[in-house]
Amino acid sequence: MLLEEQRFLHEDLERLEQGIADRIGDEPKHIRDRLARDHQIAQFLDRISSQSTKLLSLYHDPDGSRSREIQQIGTGDPMEEFYKQLTDIKSFHSRYPNEPVENLERAYRPKKGPDAESQPSVVDTMFTGEEAFGRFFDLHTCHEIYLNLPNAKRLSYLQYLDSFDNFAPGAGGLKKSEKMTDQYFKYVGQLALDLETFMRKTRPLENVDKVIVDFDKEFDAAWEKDEVADWKNEDPSGKPAGGMHQTSTADAVWCQDCEKEFKNENVYKGHLSGKKHVRAAAERAQRLLDAPETGGNMINGANNGGMSTNRLKERAIAEREFRVKRLASAMSTERSDTRVNVERKQGMTERERQQELENLFSATATISQPKDTEDGEDNDDEDKIYNPLKLPLAWDGKPIPFWLYKLHGLGVEFPCEVCGNFVYMGRRAFDKHFNEARHIYGLKCLGVTNTSLFRDITGIDEALRLWEKIQKDKRKDKVDDGSVVQMEDAEGNVMPEKVYYDLQKQGLL
């Protein structure tokens, strides 16, 4: 019954398209609901692709069974064929009496109300509490692995968020020789995997596989041209094939053995006799001696396709580092939001963190509750936030804690007459408003042009008196060349009138 299977596939495709259209038309407010909708659409698209593949194979009809079925229906007795198929259907249901019937319309329809609450969402088990449904990174595991690397800098989690994609030796990264370990290979691989997984979870409708393939192609092209930073091939003389390392300043000197930058030539010469430099130079010389033995084909006989084992390992590590950099740049918004969130949480107590996590997971249940049109007024009253102290609202729409309100002095009023008697709540907002457009516009209306001198001036009379004093001082200091009387003595010396009369009284002229 290939024709029936074709009809079922066509119906399934139409139901899937209708289900996607219904979900795209609805824009949820909560990030959890948006992610759940996007993941459902991604599943529907995958099913459309698989069902279309099946349908296309039926239309191709490689074994000719579909053509025979059509010919059998068209040439034979129609009633005989009908009763034959009816007998097959009855025999099938007699063998499987409890076979469930799939209702495609109900299966792909967006679930609302009690049906949506009873069915758990795939997003609930996809993210950790730190990720907050894909809003922030959770790199604590990678941070711990990084701290356990030998000779790695002791960076806090906040510092690690700023520099986890900077693999240069002087910016928290390890030296090239220290990266050639299995421990570092596992670390950079885990970091790339976590970022890739996070992108797949937060962007289900994007073709992440194509993005990764583009990254790999870009890396392959750069590797073939020997343009990958910090991984350029070294010739037997010990110099990188791509040239000297670029320093931060003109006076700085880069030590190729220690892979470290020094401020000037004197500091560089002073470290040459140190134990670390001697050991690093010996290790680098040994690597250069081993390179021709294991990978001489790469330099002298490149057409043989030979490549040293050490160079292959460098390529594998460099590829993962390159992927981490590209993924981090593609998710720069989540990275900056993660930094802000970590800084904010550092000022909170453990109880407040737990309460915030509970509010995050319970917010969706509150939003997804069905609202009846009959008792809409009652629901509006229940949705109102209890805030008798009139506290400012936080980012989650709830009042901030009272201790934080008192700590920042948000209950203290600071009126400003220049701003039209506008009242600023808290010292921070008051200090900030002197550089804002409202205060600057008020000063310009009073005729003040140099607003930088009027900080902490809030009264109109006070501002006018200060401006008048400034103008008076300027006029006093200003020298008018035309009002100065010049005098000349008998010898032809020119001098001001006051100096001339002073010298005349002293009898010097």
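Residues numbered from 1 in each chain as written. Predicted model: local features only at pLDDT ≥ 70, side-chain atom pairs only at ≥ 80, totals over all residues. Heavy atoms only, no water.

Observations concerning the environment of Phe44
Relative to the helices and strands, Phe44 is located in helix α2 (residues 31-60). In this structure, the C-alpha to C-alpha distance between Phe44 and Arg15, residues 29 residues apart in sequence, is 9.9 Å. Aside from chain neighbours lying at most four places away, what touches Phe44 is Leu16, Gly19, Ile20, Arg23 and Tyr108. (Helix = DSSP H or I, 4+ residues; strand = E, 2+ residues; numbered from the N terminus. Contact = heavy atoms within 4.5 Å.)

Re the confidence of the model for the chain
Averaged over every residue, the pLDDT of the chain is 79; the share at 70 or more is 81%. Ignoring residues within four places in sequence, the model shows residues 294-306, a span with pLDDT below 50, making 11 contacts including any to other chains. Low confidence marks residues 370-382, where pLDDT is under 50. Its contacts with residues over four positions away, or in another chain, come to five contacts. (pLDDT = per-residue confidence, 0-100.)

A look at the side chain of Glu321
Position of Glu321 relative to the elements: it lies in helix α13 (residues 309-330). Discounting chain neighbours no more than four positions away, the residues touching Glu321 are Phe167, Lys179, Tyr184, Val188 and Trp231.

A closer look at the pattern of salt bridges
All chains considered together, the criterion is met by 30 salt bridges. A salt bridge links Asp182 to Lys313, with the nearest nitrogen and oxygen atoms 3.6 Å apart. Of this pair, Asp182 sits in helix α9 (residues 182-202) while Lys313 sits in helix α13, and the two are 131 residues apart along the sequence. Judged by its relative accessible area of 32%, Lys313 is partly exposed. Between Glu343 and Arg339 there is a salt bridge, with the nearest N and O atoms lying 3.3 Å from each other. Placement of the pair is Glu343 and Arg339 together in helix α14 (residues 332-346), with a separation of four residues, close to one helical turn. Residue Glu343 is classed as partly exposed on the basis of its relative accessible area, which comes to 37%. The exposure class assigned to Arg339 is partly exposed, which follows from its relative accessible area of 28%. One connected set of salt bridges, linked through shared partners, spans Glu196, Arg200, Asp209, Asp216, Glu319 and Arg323. (Salt bridge = Lys/Arg side-chain N within 4 Å of Asp/Glu carboxyl O. Buried < 20%, exposed > 50% of the residue type's maximum accessible area, 1.4 Å probe, protein only.)

Structural notes on the state of the cysteines
Evaluation of the coordinates by the stated rule reveals zero disulfides. Considering cysteine sulfurs only, Cys419 is the nearest to Cys416, which forms no disulfide, with 3.5 Å between them. (Disulfide = S-S within 2.5 Å.)

Concerning the pairing of strand β3 (residues 413-416)
Only one face of β3 is buried: it carries Phe414 and Cys416, and the other face, with Glu413 and Pro415, is open. Here four bridges tie β3 to strand β4 (residues 422-425), and the two strands are oriented antiparallel to one another. Bridge pairing in β4 links Phe414 to Tyr424. With antiparallel pairing between neighbouring strands as the criterion, β3 and β4 make up a hairpin whose turn holds five residues, including Gly420 at a positive phi of roughly 80°. (Pairing = 2+ DSSP bridges.)

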